[in-house]
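Observations on the model geometry
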Amino acid sequence: MSAMLKLASVSAFYGPMQSLHEASLEVDQGEIVVLIGANGAGKSTLLRAISGVIQRRGEISFLGERIDRLEPEDIVRLGIVHVPEGRRIFPGMTVRENLEVGGHAVGRSAAGIRQGIEEALAHFPRLKDRIGSYGWSLSGGEQQMLAVGRGLMAQPKLLMLDEPSLGLAPLVTRDLFDIVRGINESGVPMLLVEQNVGLALRYGQRCYVMETGNIVKHGPTATMADDPVIAKAYLGS
Amino acid sequence: MDPIYLQLLVQGLAIGAIYGLVALGFVLIINTVNVVNFAQGEFLMLGGFVGLTFGALLGFPYWAVLVCTVIVFAILGTVFDKVIYQPLRGGDFATHLIGTLAAALIIRNVAQHIWGPEARSYYEPFHQKIFDVGGVLINPQHLLILAMTVLLVAGLYYFLFRTGLGRLMRATAQDRETARLLGVKVKHVGTLTFSMSLAMGGVAGVMVAPLFLVDLNVGFIAGLKAFIATIIGGWGSIPGALAGGLLVGLVEIFATHFFTAAFKDPVAFAVLMLFLIVRPSGIFSERVGDKA
Amino acid sequence: MVKRRGLLLLASSMLVAGLTNFASAQNKEVVIGVATAMTGTGAATGQQIAAGVKLAVDEVNAKGGINGAKVRLLVEDDRTQPGGSVNAFNKLASSNPVVIMGPTWTNFMLTLAPIIKRTEIPVFTSATGTKVTDPDVAGGWIFRAAPPINKMIQSLIDYASTKIAPKKAAIIYSNDEWGKSGYDAFKSAGFAFAAVETFNFGDKDMSAQILKLKAAQPDAVVVWNSLPADAGLVTNQLRQFMPDTKIICSNACAVDEYYALAKAGGEGVLTVAPWVPGITAESEDWAKRLKASDSHAIVSYTSAESYDAAMIAMKAIGSQAAAEPAKIREAISAIKDYKGIVGTYSFDERGDGLHGGTVVEWTDGKMKPVSATQ
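Residues numbered from 1 in each chain as written. Chains lettered and ligands numbered in written order. Predicted model: local features only at pLDDT ≥ 70, side-chain atom pairs only at ≥ 80, totals over all residues. Heavy atoms only, no water.

1. Regarding the nonpolar core
All names here are of chain C. To keep things clear, this is the line we draw: To define a nonpolar core, start from buried Ala, Val, Leu, Ile, Met, Phe, Trp, Tyr and Cys residues and group those joined through side-chain atoms within 4.5 Å. Only protein chains enter the accessibility calculation, which uses a 1.4 Å probe. A residue is then buried if its area is under 20% of the maximum for its type, exposed if over 50%, and partly exposed in between. Only DSSP runs of H or I with at least four residues qualify as helices, and only runs of E with at least two residues qualify as strands; both kinds are numbered from the N terminus onward. Per the annotation, domain bounds derive from an automatic or database assignment of domains. A contact between two residues is defined here by any heavy atoms of the two lying within 4.5 Å.
Grouped together as the largest cluster of nonpolar side chains are 91 residues, with contacts concentrated most on Met-101, Phe-124, Trp-286 and Met-314. A total of eleven residues in this core trace back to one element, the largest contributor, which is helix H12 (residues 301–318). For this core, the domains that each give at least three residues are domain 1 (26–147 + 279–342) and domain 2 (150–273 + 359–369). Ignoring sequence-local partners within four residues, the contact set of Phe-124 consists of Val-99, Ile-100, Met-101, Gly-102, Phe-143, Ala-145, Ala-309, Ile-312, Ala-313, Ile-332 and Phe-347.

2. Concerning the pairing of strand E8 (residues 220–224) of chain C
Residues and elements named next belong to chain C. We count it as follows: In short, DSSP must find at least two bridges between two strands for them to pair. Think of it like this: strands point away, you trace from the first strand over the helix to the second, and a clockwise trace means the crossover is right-handed.
Here E8 lies mainly inside the structure; five of its five residues are buried. Both faces of E8 are covered, namely the face carrying Ala-220, Val-222 and Trp-224 and the face carrying Val-221 and Val-223. Looking at chain direction, E8 and strand E9 (residues 246–249) are connected through four bridges and run parallel. Residue pairing for E9: Val-223 is matched across the bridge by Cys-249. Between the parallel pair E8 and E9, the chain is carried across by helix H9 (residues 228–241), and the sense of this crossover is right-handed.

3. Quick word on the sheet that holds strand E3 (residues 99–101) of chain C
All names here are of chain C. Under the convention used in this document: To define axes, lines are fitted to C-alpha atoms, for helices over the stretch in contact only, and angles between the resulting N-to-C directions are given on a 0 to 180 degree scale.
A sheet is described by the order of its strands in space; here five strands give the open sequence E2-E1-E3-E4-E5, paired in parallel fashion. Because the sheet does not close on itself, it has two edges, and the strands there are strand E2 (70–77) and strand E5 (142–144). When strand polarity is set aside, the average angle formed by the axes of neighbouring strands in this sheet is 25°. Taken together, the three bridges between strand E1 (residues 29–36) and E3 define a ladder with parallel strand orientation. Residue pairing in the sheet places Gly-33 in a bridge with Ile-100 of E3. Sitting on the sheet, helix H2 (residues 43–62) touches E1, E2 and E3, and the angle it makes with E2 is about 170°. Lying on the sheet, helix H3 (residues 82–93) is in contact with E1, E2, E3 and strand E4 (123–125); it crosses E2 at an angle near 155°.

4. Side note on the domain arrangement of chain C
Residue and element names in this part refer to chain C. As a reminder of what qualifies: By convention, the term buried area covers the 1.4 Å-probe accessible surface removed from two parts as they join, with the contributions of both added. Here, a salt bridge means any side-chain nitrogen of Lys or Arg that lies within 4 Å of a carboxyl oxygen of Asp or Glu.
Considered domain by domain, chain C is made up of domain 1 (26–147 + 279–342) and domain 2 (150–273 + 359–369). Here the C-alpha centroids of domain 1 and domain 2 sit 29 Å apart. Each partner contributes residues to the interface: domain 1 has 13 residues there, and domain 2 has 14 residues. Taken together, both faces of the contact between domain 1 and domain 2 bury some 1,000 Å²; the carbon and sulfur share is 64%. At the boundary of domain 1 with domain 2, the tally comes to zero salt bridges.

5. Considerations on the interface of chain A and chain B
As a reminder, the rule being used: Under the rule applied, a polar contact is a pair of N or O atoms within 3.5 Å (in protein, one hydrogen donor and one hydrogen acceptor; residues adjacent in sequence only if both atoms are side-chain atoms).
The interface of chain A with chain B comprises 24 residues on the first partner and 21 residues on the second. For the pair chain A and chain B, the two sides together bury roughly 2,100 Å², of which 60% comes from carbon and sulfur. For the pair chain A and chain B, the interface holds five salt bridges. Close ionic contact of Asp-175 of chain B with Arg-88 of chain A constitutes a salt bridge, the shortest N to O distance being 2.9 Å. Here chain A and chain B share seven residue pairs in polar contact (both at pLDDT 80 or more) between them.

6. A word on the pattern of salt bridges
Residues and elements named next belong to chain C. Using the criterion set out here, one finds 26 salt bridges over all chains in the structure. Of the charged contacts in the structure, one is a salt bridge between Asp-58 and Lys-54, with a shortest N-O distance of 2.9 Å. Of this pair, Asp-58 and Lys-54 both sit in helix H2, four residues apart, roughly one helical turn. Given a relative accessible area of 37%, Asp-58 falls into the partly exposed group. Residue classification places Lys-54 among the partly exposed positions, given a relative accessible area of 42%. Between Asp-134 and Arg-350 there is a salt bridge, with its nearest N and O atoms 2.8 Å apart. With a gap of 216 residues between them, Asp-134 in the loop between E4 and helix H5 (135–138) and Arg-350 in the loop between strand E12 (344–345) and strand E13 (358–363) connect regions that are remote in the sequence. For Asp-134, a relative accessible area of 23% puts it in the partly exposed group. Given the relative accessible area of 25%, Arg-350 is considered partly exposed.

Structure representation (structure tokens):
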């Protein structure tokens, strides 16, 4: 299977500071690839480099085409959807409006948006009851579901999730991740950043470990569980 | 009730609506693009001159004057966005202050070069006719201003809450970074915001010309009052901008009536001070969740 | 050998020096400065000063200059700021002008007065505030090419009291020294105002005040302010509520800019004009020359006074052998019966050249004199 997303020696910068050092990574069709590491290891930075919202160097290819010179709006339209850290739903807009924005942002038609909302609600039935509620009034779990649902509105070919479990109760997290797995099984490969190493290893097929802006280890999650580097990352989180 | 109070009320509301429209443009820019545009008042001034050019100098009918004004200012909005405001983005308040005040000066000087320094008259569409309705003197221009303001604000609300593009604009205002991440072309949204904001100021300028004359000096004071209106109404709030403007207009005219003109500005500032002390967040303080 | 070469060197350097002196004598120029509002709220009037002076200078230069010396005109913009006025004046003074044309606003001239006194260069102004030519204000260095307001207002009040004789009068004036002095003058002359209202500079809506004036039901309303644009605005708003009441206005209404704004509302307005355009053949000819020199130039009493002032100054300079400010000052003071565009100038001990205005009434879009010039 050829790589869908491929990073080759990608570096990223916040102004003069280099926060990602020559990272290489691949995501293939159908997989969930997890990215783990301690706080500040550079995981979010890597996602942002892919999305094009920060300064980056190196080769990033998606479906065989170079995307490292593109603007964020073009990268989203190619099918890479980034659900950011901290949910970041629009607080002054309703659940419905948040979902709509996900579709309008990539120019989806009115009919497409209606259909997209139905599908999102099918994934996250809990949101049906809250469809007219404002973003700021939702619980953490609901906000996270909304953020993922909003991402789905852009019809992603690759979904990137940044720390979806952050701040959520374990039960809520489990429900969320089951739904996420369901989305993956319906054909959407994922790059998942998680601080919760246990979750990451349970749901992902392959794993990359990051430390201070570098990828230090990678491999199938099945073999990673006993790895001392992983243990260190686990303790470090 | 003495009919004079009804007259003062209508007048105060009409002038207040003008301040409100300028303030609205001001707030839209703050929300979506995060620039404090101290040149906003100059677009009111420019609107008068543009209206004069289309109406008096080129002889267009009034509805055409309004349409052409909207088009001209929409285009000017894109120009100003690229030339003046995009370079200012990301700067701090002081940078905005200096940068946009410099822009205001440039706009004023260019206008003087084009139209000359003298004040001009533009009395469309009512030619200064006044109607006597049972002892109350009604100026139809005031009613036109109020009607147009209602129309513009209703249109704005429809756009923001009922259209996809409007929702994108609100989303960008609430969380620009996330909007960008979702694929919103935030630069375009910014340009559109400027076009809308300038168009509102320009149309207000055309409508206020029969009352204030077409004059290079209109901009500065209008901008200042719009700024005050924004603070009183609630920084960043759209209904607040309008409410603040109306309040400033009413306070001014009733202060002049009950005291003298010399007290007009001090009273308005006193009301502003009162708000800053008692309710610093303004009439419509933003809900916690409205802005990211 | 050495001696001959030395002599040759000496001779040639003397020749070069002589030629250079000759050249600079030919290039000797007279500098005239103008400090006025080219931008800012007073630009409409301020630019007229520059236009009038420039026409005079161009005409004199076309005839060969002053005793063969070209006149160089320097214009500095005060941006209608008193501080700007000071800067403009000082900047001009550093170029050693023989004469300076100053701003037309009385309060600017009063601000400049101590500096003028120190600098000791003759300054012409068209400002009408009486105080400007008080002897202690600028030590006699200010000359006025306009009638002082106290003499103009007297003719206006005389006419209004006898010919208009309102039973009830009201007044709206600008909230500054100029406006207040108009109010005081009318009051001292016996006008008992049934309603007194003011407006601030920059105010655009006077309806609250006008409603109060209307409630007093006056036969006549006095409008007293300095900017033609504001006078036009007040007239407009006044006419909406009081279409037939007589308006008596300051000289801010004695310009075409006023009528262009007031339009039909300006008909019948009584005012006092330092100069009425279109009355004499000379005025008409001058107006044509002004427009020919600059199509944007405005024909008004301000541009006419500035033209006259410049001509008088250049005449005085030409009458003196050396460009010494004290001598020029004396020469100007000595001028009597100089026929200018605005009127006949005779400078008195205060430095005032004109001593009265013409009371006019706007009729069919033109200022029509209703009493003779003093």
